[in-house]
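Below, each chain spelled out in residue letters.
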Amino acid sequence: MADDTLRIDRSAKTLRTLALERMREAIMDFHFQPGERLVERPLCDQLGVSRSVVREVLRQLEAEGLVQMIPGHGPAVAKPDLGRTDEIYELRALLEGIAARACASSATDAQIAVLDGALKKLLEAWASGAPVEVMRATTKFYEALFDAADKRIAWEIVTGLNVRINQLRSMTIASENRREPAIAEMHAIMDAIRSREPEAAEAAARRHVESAWRIARNALRLDSL
């Protein structure tokens, strides 16, 4: 008789993945508000999955920093922490600046063409007005940028940092008057890369992150009042 102990249950994995994606998007779209309790039974009903799947999803979201366990109350949507996010944005500005500099110095014409295509998709996402779509397109753009810069370890670090502030990133994207400045900042990064100006590319990339962080910092401070 065959030993099935290591057999992969593809359907269960797919269901868990779908539930995780749906919950992650719901948090970033503010369907669930920061600090709101996440009760298993209603989540099972809303997602149409079992309690075990919901528990797995909540554990994963806790690892990503989107959910926190409140003693005596259970899981709740995490509230961004000003001190921790300050460090995250500082590191992002540093690493994205380094990648943009390297990209301007060494990217091939083909790689720049890929970046141009990713920027076009990003502009389309901004036009849609959906923060989640903007974040997805932004991730694709920066993945291409770090790849062209040959900074793959740095990209892994940035990906890990972004997971911890995805809710805050969504908040800044959805904020009033962010769209046009953000688009101008991304164009500045690409203009410097196309012109093969490493210092200008690094400065533009850092300005983009710092601009987003100013909005996020103000939002956090207002939320704490």
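Residues numbered from 1 in each chain as written. Predicted model: local features only at pLDDT ≥ 70, side-chain atom pairs only at ≥ 80, totals over all residues. Heavy atoms only, no water.

Looking at an unreviewed UniProt entry, one finds the chain named Transcriptional regulator, GntR family, with Mesorhizobium metallidurans STM 2683 as its source organism.

Caption draft 1: Representation of the nonpolar core. Grouped together as the largest cluster of nonpolar side chains are 39 residues, with contacts concentrated most on C103, L115, F141, L145, F146, I189 and I193. Residue assignment for this core shows that the elements contributing at least two residues are α4 (82-106), α5 (109-128), α6 (131-148), α7 (152-164), α9 (179-194) and α10 (198-224). In terms of residues, this core owes the most to one element, α6, which gives 9 residues. Ignoring sequence-local partners within four residues, the contact set of L145 consists of A99, A100, C103, L115, I189 and I193. The next biggest cluster of nonpolar side chains, apart from the first, holds 18 residues, and it includes A26, F32, V54 and V57. (Core = buried A, V, L, I, M, F, W, Y, C linked by side-chain atoms within 4.5 Å. Buried < 20%, exposed > 50% of the residue type's maximum accessible area, 1.4 Å probe, protein only. Helix = DSSP H or I, 4+ residues; strand = E, 2+ residues; numbered from the N terminus. Contact = heavy atoms within 4.5 Å.)

Caption draft 2: The arrangement of the pairing of strand β2 (residues 74-77) in detail. With 4 bridges joining them, strand β1 (residues 67-70) and β2 adopt antiparallel strand pairing. Bridge pairing in β2 links I70 to G74. Here β1 folds back onto β2 in antiparallel fashion, the turn holding 3 residues, of which G72 has a positive phi close to 85°. (Pairing = 2+ DSSP bridges.)

Caption draft 3: Region of the structure containing the packing of helix α2 (residues 40-47) against helix α3 (residues 51-63). Viewed as axis vectors pointing N to C, α2 and α3 meet at an angle of 105°, and their least axial separation amounts to 9 Å. In terms of orientation, α2 and α3 fall into the roughly perpendicular class. Within the contact between the two elements, α2 uses E40, R41, L43, C44 and L47 and α3 uses R51, V54, R55 and L58. Here the contact of α2 with α3 is composed, by residue class, of 5 nonpolar, no polar and 4 charged. (Axes fitted to C-alpha atoms, helices over the stretch in contact; angles between N-to-C directions. Parallel < 35°, antiparallel > 145°, perpendicular 65-115°, else oblique. Nonpolar A, V, L, I, M, F, W, Y, C, P; charged D, E, K, R; others polar.)

Caption draft 4: Structural detail: the pattern of salt bridges. Enumeration over the complete set of coordinates arrives at 18 salt bridges. Residues E64 and R24 are paired through a salt bridge, measuring 2.7 Å at the closest nitrogen-oxygen approach. Here R24 lies in helix α1 (residues 10-28) and E64 lies in the loop between α3 and β1, a separation of 40 residues in the sequence. Judged by relative accessible area, which is 8%, E64 ranks as buried. With a shortest N-O distance of 3.6 Å, R41 and D45 are connected by a salt bridge. On the criterion of helical spacing, the pair formed by R41 and D45 is a turn pair, its members being 4 residues apart in helix α2. By sharing partners, the salt bridges in this structure join E25, E133 and R136 into a single network. (Salt bridge = Lys/Arg side-chain N within 4 Å of Asp/Glu carboxyl O.)

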